[in-house]
Amino acid sequence: MKKHKNHYIFITGGVISSLGKGIIAASLGSLLKKQEYSVTIQKFDPYLNIDPGTMNPYQHGEVFVTEDGTETDLDLGHYERFIDQNLSKKNNVTSGMIFWDVLNNERNGKYLGKTVQIIPHITNEIKNKISQTLSEDNFNFIITEIGGTVGDIESLPFLEAIRQFQYQNKTTCIHIHLTLLPFIKTSNEFKTKPTQHSVKELREIGIQPDIIICRCEKPFTQEIKSKIALFCDVKEKNIIAAIDAKSIYSLPLYMHKEGLDTAILDTLNLPKKKISLQDWEYFNSQLENKNNTTITIGIVGKYTNYSDSYISIVESLKHSSVHNNCNLKILWIDSEKITEKNITKLLAPCNGILIPGGFGERGIEGKVLTAKYAREQKIPFFGICLGLQIAIIEFARNILHIKNANSKEFNKTEKDNVITFLPEQKNLLKKGASMRLGAYTCQIKKDSLLFKAYQSTIISERHRHRYEFNNHYKTQFEDNGLIISGKNPNSQLVEVIELKNHPWFLACQFHPEFKSRPQKGSPLFNQFTQAAKTNRNEQKNRK
Ligand code: GLN
């Protein structure tokens, strides 16, 4: 790590939402790391929810979980995947958390009876959160993404806080503003006015952007760059084009080509060097390589129209497909629509089947039918969290003949719950909640798929669940062909199960998708994809 002062990059968005600030922040993080600076990325979310853990996946996409068990916005997943670095609680701050802290301070008399106000109390707390993120590791750069769009009422305290922050840290701050540069087909031209207005709005708050990134559907001319530069008072070489990309993973390449990393280092007077992006180039070249075979993975869930709800799983499958030199096709299957009658037709195209995590009873029976189909038809099956619980319920009902086998989550009586909530586990749970959250170790049985995947007898993966395998039934399951290949070494809770006499049937209570990185795919996803590829070739030969 280079010895430099701390530097702060703030990313705001203008004109419309969903322009991809998160991916820009993540790509920039990756480029600065290649420039040999240490980096962390933080997201400020202007909504009032205290934590994203309780937010509806329809509205908000996946809940990403960090090592320390924080339930965060899905952008943190992109950050971790792009900068290949674990983040923590400090990296995701919502307005709700800021208000909570300030009001608790007020209740504890910390403000000595003064009037508590947005300015300075809320803004000071926001500034504290920026400094706190840096305090432990002393990164060269902290990239802060401000959620929302400039002009929103909710983001005003954040913008005022970063304005003050810059006033207090003049030479070490930089502002990036991401806007939309629409192309109007009827007049065949790009329009810069929305960008001008957005920058005007930002300047009214007292923030002058140093770099403007324009999201656009195709390349634009130098003339347009000069125009934006002149009207927005930004150097011409600091106007960067972010053209719609086929894959988010091409963004580090595009941003480097456009000179984003060097624009930042030049503006801050920091040394730069020629960097190699070979790893990103290779990854992108393999993502859709015409010479590779295509495998079809069926994801059986209940948010199938909203793939953001399973985004880490989708990204992990992409990573593992590149690892196995194959192209990926995902078939989304709504578990509520699965019946005994249509299951063969629905699942026939799948070379591998995955049941992801989930909460609540909706769509459960379709998932149980899916696990049965994969077990009997010997299709590679990967169950994650709820997916493990479903596989256990199915096995209990159809192999152990416990007709009403279920999970305590769906069956409020105490009878036949092969998945249960263990009161004696309560004191093993991390403080405060009844969910097992974050990283826990898992001890691996040698001579298992799990051991083959990780090549280790002890691993650690992230968790987010409440219910557990009921160890009361352990011998019954094991005597009938179920292998418990992973257990928590301290509590003996079941972490991973496999099946005898099946090419690849594995389910885990943890979420390996949270630790998969483009250049370092999750061992279980890699192995599952490989099994699906083998199955595809065999299915083809049989035809
Ligand atoms: N609902 C299940 C539980 O709480 C599974 C959770 C999950 O899949 N993340 O245990």
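On a predicted model such as this, the values are computed, not experimentally measured, just so you know. Here, residues in each chain are numbered from 1, in the same order as that chain's written sequence. Reporting of local features is limited, given that this is a predicted model, to residues whose pLDDT is at least 70; pairs of side-chain atoms are given and counted only at 80 or more, and all residues count toward the totals for whole chains, interfaces and linings. No hydrogens and no water enter the side-chain calculation; it runs on all heavy atoms of the structure.

Participant: Whenever I open this one, the nonpolar core confuses me. Can you help?
Facilitator: Burial of nonpolar side chains together is a common tendency in soluble globular proteins. With 46 residues, the main nonpolar core has I9, F141, I213 and I264 as its most contacted residues. A run of DSSP states H or I qualifies as a helix once it reaches four residues; a run of E qualifies as a strand once it reaches two. Both are numbered from the N-terminal end. Considering every element that reaches this core, the biggest residue donor is helix α1 (residues 21-34), with 7 residues. Those residues in contact with I9 that sit more than four places away from it in its chain are L28, L32, F141, I142, I143, T144, I174, I176 and I264. Think of a nonpolar core as a cluster: buried Ala, Val, Leu, Ile, Met, Phe, Trp, Tyr and Cys residues, connected wherever their side-chain atoms sit within 4.5 Å. Relative accessibility thresholds used throughout: buried, under 20% of the residue-type maximum; exposed, over 50%; partly exposed, between the two (1.4 Å probe, protein chains only). L386, L388, Y467 and I497 belong to the second largest nonpolar core, which has 40 residues in total. Note on contacts: a residue pair is in contact if any heavy atoms of the two residues lie within 4.5 Å.

Participant: It is not clear to me how the sheet that holds strand β17 (residues 417-420) should be interpreted in this structure. Could you clarify?
Facilitator: In a beta sheet, neighbouring strands are held together by backbone hydrogen bonds and run either parallel or antiparallel to one another. The criterion for strand pairing is that DSSP finds at least two bridges linking the strands in question. Overall, mixed pairing links the 3 strands, which are arranged β16-β17-β20 in an open sheet. Two strands bound the open sheet, and with one partner strand each, they are β16 (406-407) and β20 (468-469). Of the pairings in the sheet, the one linking β16 to β17 comprises 2 bridges and is parallel in character. Note on β17: the bridge partner recorded for N406 is N417. Fitting a line to C-alpha atoms yields each axis, with helices limited to the stretch in contact; the angle taken between N-to-C directions then spans 0 to 180 degrees. Strand contacts of helix α15 (residues 386-398): β16, β17 and β20, with the helix running at about 165 degrees to β17, the strand carrying the most contacts.

Participant: I'm lost on the sheet that holds strand β5 (residues 92-94) in this one. Help?
Facilitator: Spatial strand order, β5-β2-β6-β1-β7-β10-β11: 7 strands in an open sheet with parallel pairing. Edge positions in the sheet fall to β5 and β11 (239-243), since each has one partner strand and no second. This sheet shows a mean twist of 20 degrees between the axes of neighbouring strands, independent of strand direction. Here strand β10 (residues 211-216) runs beside β11; their pairing, made up of 5 bridges, is parallel. Across the sheet, the residue bridging to C214 is A241, located in β11. Most of the contacts of α1 go to strand β6 (residues 141-146), to which it runs at about 175 degrees, and overall it touches β1 (7-13), β2 (39-45), β6, β7 (173-180), β10 and β11. Here helix α6 (residues 156-168) sits on the sheet and contacts β1, β2, β5, β6 and β7; the angle it forms with β1, its principal contact strand, is near 150 degrees.

Participant: Would you mind showing me how to read helix α7 (residues 193-205) here?
Facilitator: The α-helix winds at 3.6 residues per turn, so residues separated by three or four positions along the chain end up facing the same way. The length a helix should cover is 1.5 Å for every residue beyond the first. Taking 1.5 Å of rise per residue, the 13 residues of α7 would be expected to cover 18 Å, and the 19 Å separating its terminal C-alpha atoms lies within 8% of that figure. All buried positions along α7 are accounted for by T195, S198, V199, L202 and I205. Within α7, the buried residues cover an arc of 110 degrees as seen down the axis, which keeps them to one side. Its buried side turned inward, α7 meets β1, α6, β7, β10 and α8 (222-232). Once α7 finishes, G206 follows within two positions and takes phi at roughly 105 degrees, a positive value. Our arc is simply the arc of the directions from the helix axis toward the C-beta atoms.

Participant: Would you take a moment to explain the site of the ligand for this structure?
Facilitator: Taken together, the residues surrounding the ligand are G357, G358, F359, C385, L386, Q389, E409, R464, H465, R466, Y467 and H511. Any pair of N or O atoms that falls within 3.5 Å is considered a polar contact. Within protein, one atom must be able to donate a hydrogen and the other to accept it, and sequence-neighbouring residues count only if both atoms are side-chain atoms. A distance of 2.8 Å separates a nitrogen atom of the ligand from a polar atom in the backbone of R464. Each accessible area is a Shrake-Rupley result for a 1.4 Å probe, and residues are judged covered by the shown protein chains and nothing else. When the ligand is considered free in solution it has 300 Å² of accessible area, and contact with the protein chains removes 99% of it. Every element with two or more residues in the shell around the ligand is listed here: α15 and β19 (458-465). Residues are classed as near a molecule or strand on a simple rule: at least one heavy atom within 4 Å of it.

Participant: Just checking my understanding: could you explain the packing of α1 against helix α3 (residues 75-83) for this structure?
Facilitator: Each pair of packed helices can be summarised by the angle the axes make with each other and by the distance between the axes. In contact at an axis separation of 8 Å, α1 and α3 are set at 20 degrees when each is read in the N-to-C sense. Classed by the angle they form, the pair α1 and α3 counts as roughly parallel. In the packing of α1 onto α3, the handedness of the crossing is right-handed. Contact residues: α1 offers G22, I23, A25, A26, S27, G29, S30 and K33, while α3 offers D75, H78, Y79, F82 and I83. Along the lines of polarity and charge, the residues of the contact of α1 with α3 split into 6 nonpolar, 5 polar and 2 charged. Each angle gets one of four labels, with under 35 degrees taken as roughly parallel, over 145 as roughly antiparallel, 65 to 115 as roughly perpendicular, and the rest as oblique. Crossing handedness is read from the near helix: turned anticlockwise from the far helix by less than a right angle, it gives a left-handed crossing, and turned clockwise, a right-handed one. Just so you know the grouping, Ala, Val, Leu, Ile, Met, Phe, Trp, Tyr, Cys and Pro go in nonpolar, Asp, Glu, Lys and Arg go in charged, and all remaining residues, Gly too, go in polar.

Participant: How do you make sense of the side chain of K302 when you look at a structure like this?
Facilitator: By secondary structure assignment, the location of K302 is in the loop between β12 (293-301) and α12 (311-323). The positive count covers Lys and Arg only, the negative count covers Asp and Glu only, and His and the chain ends enter neither. By definition here, a salt bridge exists when the distance from a side-chain nitrogen of Lys or Arg to a carboxyl oxygen of Asp or Glu is within 4 Å. No salt bridge is formed by the buried K302. Its closest oppositely charged neighbour is E409, at 7.3 Å. Reaching out from K302, the side chain makes a polar contact with the backbone oxygen of F359 at a distance of 2.5 Å. Ignoring anything within four residues of it in the chain, the contact list for K302 reads Y58, Y310, S335, F359, G360 and R362.

Participant: Looking at this model, I keep getting lost on the packing of aromatic side chains. Mind explaining?
Facilitator: Both the distance between ring centres and the angle between the ring planes are used here to describe each pair of aromatic rings. Between 30 and 60 degrees the pair is tilted, below 30 it is stacked and above 60 it is edge-to-face, where a pair is any two Phe, Tyr or Trp rings, Trp via its six-membered ring, whose centres lie within 6.5 Å. The full count for this structure, using the stated rule, is 20 aromatic pairs. Over the ring of F183 we find K218; its NZ or CZ atom is 3.8 Å from the centre of that ring. Between the NZ or CZ atom of R436 and the centre of the ring of Y440, over which it lies, the distance is 5.1 Å. We call a charge positioned over a ring when the NZ of a Lys or the CZ of an Arg lies within 6 Å of the ring centre and within 35 degrees of the ring normal.

Participant: Help me understand unusual backbone geometry in this model?
Facilitator: Negative phi characterises most residues that are not glycine, and trans characterises most peptide bonds. In this model, I119 is joined to P120 through a cis peptide bond whose omega is 15 degrees. Structurally, P120 is set in helix α5 (residues 118-135). Within the chain, D84 stands out as a residue other than glycine whose phi angle is a positive 50 degrees. Assignment of secondary structure puts D84 in the loop between α3 and β5. One non-glycine residue, D416, lies in the positive phi region at around 55 degrees. You can see D416 is positioned in the loop between β16 and β17.

Participant: Even after reading the chapter, I still don't get the environment of D261, so can you show me in this structure?
Facilitator: Among the structural elements, D261 can be located in helix α10 (residues 260-267). Among the residues examined, D261 registers a relative accessible area of 0% and is labelled buried. Sequence-wise, D261 and N105 are 156 residues apart; in three dimensions their C-alpha atoms are separated by 40 Å. What D261 contacts, discounting residues up to four positions off in sequence, is L31, Q35, M255, H256 and I275.

Participant: Honestly, the pairing of strand β23 (residues 505-508) in this entry has me stumped. Any pointers?
Facilitator: Every other side chain in a regular strand lies on the same face of the sheet, so the side chains alternate between the two faces. Here β23 shows two buried faces, one formed by F505 and A507 and the other by L506 and C508. Strand direction decides the pairing type here: strand β22 (residues 494-499) and β23, joined by 3 bridges, are antiparallel. Among the inter-strand pairings, I497 is bridged to a residue of β23, identified as A507. Between β22 and β23, which pair antiparallel one after the other, the connecting turn spans 5 residues, and N501 there sits at a positive phi close to 55 degrees.

Interpretation note: all reported values are geometric properties and have no functional meaning in isolation.
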